[in-house]
Amino acid sequence: MSRAALETSPGARATRLARTAVLAIFCMNGAVVAHWYARIPAVKERLQASDGALGLVLLAPALGAMICMPIVGALTGRLGSRRLTLACGVFLSACTCVLATAPSLPLLALALLAWGGGGGGLDVSMNGQGVAIERTYGRPIMSSFHAAFSGGGMAGAVIGGRLADAGISPEAHLLGAGLFSMAVILAASRFLLRSAGKVPVADAAGQAPPGSAWPPRWLLSLGIIGLCCFIGEGAMAEWSAVYLRQNLGTSEAYATTGFAAFSLMMAVGRLCGDRLTQRFGPRALVASGGWLAASSLGIGLLLGTPLAAVIACGCVGAGLSTVAPLAFGAAGRNSDNPGRAIATVTTVSYFGFFLGPPLIGLVSQAFSLRVGLGVVVVGAMVFALLAGARSSRLGGPPRG
C-alpha cells in the first residue's frame with residue numbers, strides 16, 4: 001500500500017481524530033486551572049481569608065492529585081485510559097462548577113481536594129492516551145499536547161481576567177467554565193483510542209517483584225527529573241514576582257513580566273519541542289534544557305538587575321518546557337503498563353509543588369531570596385545530570 005493510501009486509511013483517520021481529541025482535552029485542562037486561579041482573589045475576599053489560611057487551603061489540589069494519581073494509574077491497566085479520561089474529565093468539570101460556592105474555608109479545602117483529584121487523574125489518563133497515540137505515529141508528539149495545555153492556560157487566564165473586570169461573579173464564571181469543559185470532554189472522548197492503556201492480567205501482575213511495590217530505578221530517575229522541573233515551575237509562579245518587586249525594587253506591573261516571560265517561552269518551547277526532540281533526541285534536549293535553566297538563572301541572580309531577571313525567567317521557561325512531556329512519554333514508552341508508570345512519575349513529580357515553595361522560603365528566611373532561588377539552579381543541574389545518564393531511559397524513539 002502506498003504512503004498516501006496509508007495516511008488516508010480508516011486507521012490513520014481515527015488516529016488523527018484521537019490526537020485532535022487529546023489536544024482539546026489538554027487545552028481544556030489548562031483553561032480550567034487558569035479560570036480558577038483568576039478568581040482566587042475574589043473567593044479570598046468573599047471568605048475573608050488570611051494569606052496564611054488561604055496558602056494552606058491552596059495545598060489541597062496538589063494533595064488530591066497525589067492521592068488519585070496512583071489509583072488512576074492502577075485502574076488504567078484494567079479499564080484503559082479512554083474511560084478514565086472521560087470519568088476524570090467529567091468529575092473535574094463538575095467540581096469546577098461548584099468551587100466558588102463553598103461557604104467556608106474548610107469546605108473550600110474539601111472542594112479543592114476533590115478538584116485536584118480529578119485534575120491529577122486526568123493528568124495520568126490523558127498522558128496515557130498521548131503515549132498510545134505517539135506510538136501509532138512513530139515519532140515524538142508529546143510536546144504538542146503539553147503545548148495545548150499551556151495555550152489553554154494562557155487563554156483561560158485572559159478570559160478569566162476579562163470576566164472578572166466585567167463584574168461577572170466567580171460563581172457564574174466557574175459554573176460556565178465547568179459546563180463548557182464538560183461539553184468538550186464528552187464530545188472529545190468519543191474519538192479517543194478505546195484500548196489504550198489496557199494491560200493483560202498476567203502482564204499487569206508482573207509489573208513489580210513479588211512482595212514489593214517499589215518502582216524500578218529508571219522510573220524513579222524520571223520521577224526525580226520531573227520533581228526538579230516542577231520545583232522550578234512552582235518557583236517561577238510563586239517567587240518571580242516577589243523577587244522582582246521586593247529584591248529588585250520594580251513596580252507591581254513590571255514584577256509580573258518575569259512570570260509572563262516564563263510562561264511565553266514555555267509555550268514556545270513546547271510548540272517546537274517535538275521537532276527538536278526528533279532532531280536532537282530526548283536525552284540531549286532535557287539535559288541541555290537543564291543546563292540552560294541553571295546557567296541563565298544563575299547569571300541573572302548574580303547580575304541582580306530587573307532586565308537580567310526577566311530574561312532569566314524566560315530562559316528557565318524554555319529550558320523546562322519539554323522536560324515533563326519527555327519524562328511522561330518515556331515512562332509510558334518503556335513500560336508494559338503505561339498508566340501505572342505515568343502515575344508513578346507524575347506522583348513523584350508533584351512533590352515538587354509541595355517541596356519547592358517551603359524549601360525556597362526556608363532558605364530565603366535564613367539567607368536571602370536570591371540565595372533561595374538558587375534551589376532552582378541546583379534542581380536544574382540535578383535533572384540535567386540525570387537526563388544525560390542512560391539509566392533514565394529518555395533516549396530512543398516511540399515504539400510503533
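Preceding this paragraph is the structure being described.
None of these values were measured; they are calculated from a predicted model.

Draft legend 1. Seen up close, the overall build of the protein. Helix and strand counts for the protein stand at 18 helices and zero strands. Relative to the compact-globule value of 21 Å for 400 residues, the protein shows a C-alpha radius of gyration of 21 Å, a close match. Along the three orthogonal principal directions, the C-alpha set of the protein runs to about 65 × 50 × 45 Å. In the protein, which comprises 400 residues, the share counted as buried stands at 52%. Relative to all contacts within the protein whose residues are 6 or more apart in sequence, the contacts with residues 24 or more apart total 85%. Summed over its atoms, the accessible surface of the protein is roughly 17500 Å², and 68% of this surface lies on carbon and sulfur atoms. Of the side-chain charges in the protein, 28 are positive and 13 negative, and the distance between the mean point of each set is 11 Å.

Draft legend 2. Seen up close, the pattern of salt bridges. Counted by the stated rule, this structure contains two salt bridges. Between E171 and R46 there is a salt bridge, with the nearest N and O atoms lying 3.6 Å from each other. Taken together, the residues E171 in helix α8 (residues 170–189) and R46 in helix α2 (residues 10–47) connect sequence positions 125 residues apart. Relative accessible area serves as the criterion here: at 28%, E171 is assigned to the partly exposed category. Overall, R46 belongs to the partly exposed group, its relative accessible area being 38%.

Draft legend 3. Structural context of the nonpolar core. Ranked by internal contacts, the top residues of the largest apolar core, which has 99 residues, are W36 and L222. Looking at this core, the element that brings in the most residues is helix α10 (residues 217–247), giving 14 residues.

Draft legend 4. Layout of the packing of α10 against helix α18 (residues 374–388). Between α10 and α18, the least distance of the axes is 9 Å, while the angle of their chain directions is 155 degrees. Judged on the interaxial angle alone, α18 and α10 are roughly antiparallel. In this structure, α10 meets α18 at a crossing whose hand is left-handed. In contact with S221, I224, I225, C228, C229, I231, G232 and A235 of α10, α18 contributes V375, V376, G379, V382, F383, L386 and A387. Among the residues making up the contact of α10 with α18, the classes are represented as twelve nonpolar, three polar and no charged.

Draft legend 5. Structural view of unusual backbone geometry. Residues other than glycine seldom take positive phi values, yet Q48 does so here, at roughly 50 degrees. Following the sequence through the fold, Q48 ends up in the loop between α2 and α3 (51–57). Overall, the relative accessible area of 72% leaves Q48 in the exposed class.

Draft legend 6. Fine view of a nonpolar patch on the surface. Together, L63, I67, I71, L75 and L79 make up an exposed nonpolar region whose accessible area comes to about 400 Å². With relative accessibility at 34%, the residue L75 sits in the partly exposed group.

Reading the values: the criteria
- All residue numbers refer to positions counted from 1 along the written sequence of the respective chain.
- Residues qualify for local features only when their pLDDT is at least 70, as the model is predicted, and side-chain atom pairs are given and counted only at 80 or more; totals for whole chains, interfaces and linings, by contrast, use all residues.
- The side-chain numbers reported here are obtained from all heavy atoms of the structure, hydrogens and water having been left aside.
- Numbering of helices and strands runs from the N terminus, with a helix taken as a DSSP run of H or I at least four residues long and a strand as a DSSP run of E at least two residues long.
- A radius of gyration in this sense is built from C-alpha atoms; the matching globule rule multiplies 2.2 Å by the number of residues raised to 0.38.
- Here the term buried applies to any residue with accessible area under 20% of the maximum for its type, exposed to any over 50%, and partly exposed to those in between, with areas from a 1.4 Å probe on protein chains only.
- In what follows, a contact means two residues having at least one pair of non-hydrogen atoms within 4.5 Å.
- In this description, accessible areas are obtained by the Shrake-Rupley approach with a 1.4 Å probe, and a residue is regarded as covered only by the protein chains that are shown.
- We score Asp and Glu as negative and Lys and Arg as positive, and we do not count His or the chain ends.
- To locate a charge, take atom NZ for lysine, CZ for arginine, CG for aspartate or CD for glutamate.
- Should a side-chain nitrogen of Lys or Arg be within 4 Å of a carboxyl oxygen of Asp or Glu, the pair is scored as a salt bridge.
- For our purposes a nonpolar core is just a set of buried Ala, Val, Leu, Ile, Met, Phe, Trp, Tyr and Cys residues, chained together by side-chain atoms within 4.5 Å.
- Axis definition: a line fitted to C-alpha atoms, over the contacting stretch in the case of helices. Angles run 0 to 180 degrees between N-to-C directions.
- The labels follow the angle: roughly parallel below 35 degrees, roughly antiparallel above 145, roughly perpendicular from 65 to 115, and oblique for the rest.
- A clockwise turn of the near helix away from the far one marks a right-handed crossing, whereas an anticlockwise turn of less than a right angle marks a left-handed crossing.
- Put simply, Ala, Val, Leu, Ile, Met, Phe, Trp, Tyr, Cys and Pro go in the nonpolar bin, Asp, Glu, Lys and Arg in the charged bin, and everything else, Gly too, in the polar bin.
- Here a patch means residues that are over 30% exposed by relative accessible area and free of salt bridges, tied together within 9 Å if like-charged and within 5 Å if nonpolar (Val, Leu, Ile, Met, Phe, Trp, Tyr).

Honestly, that's just the spatial picture; any functional story needs more than this.
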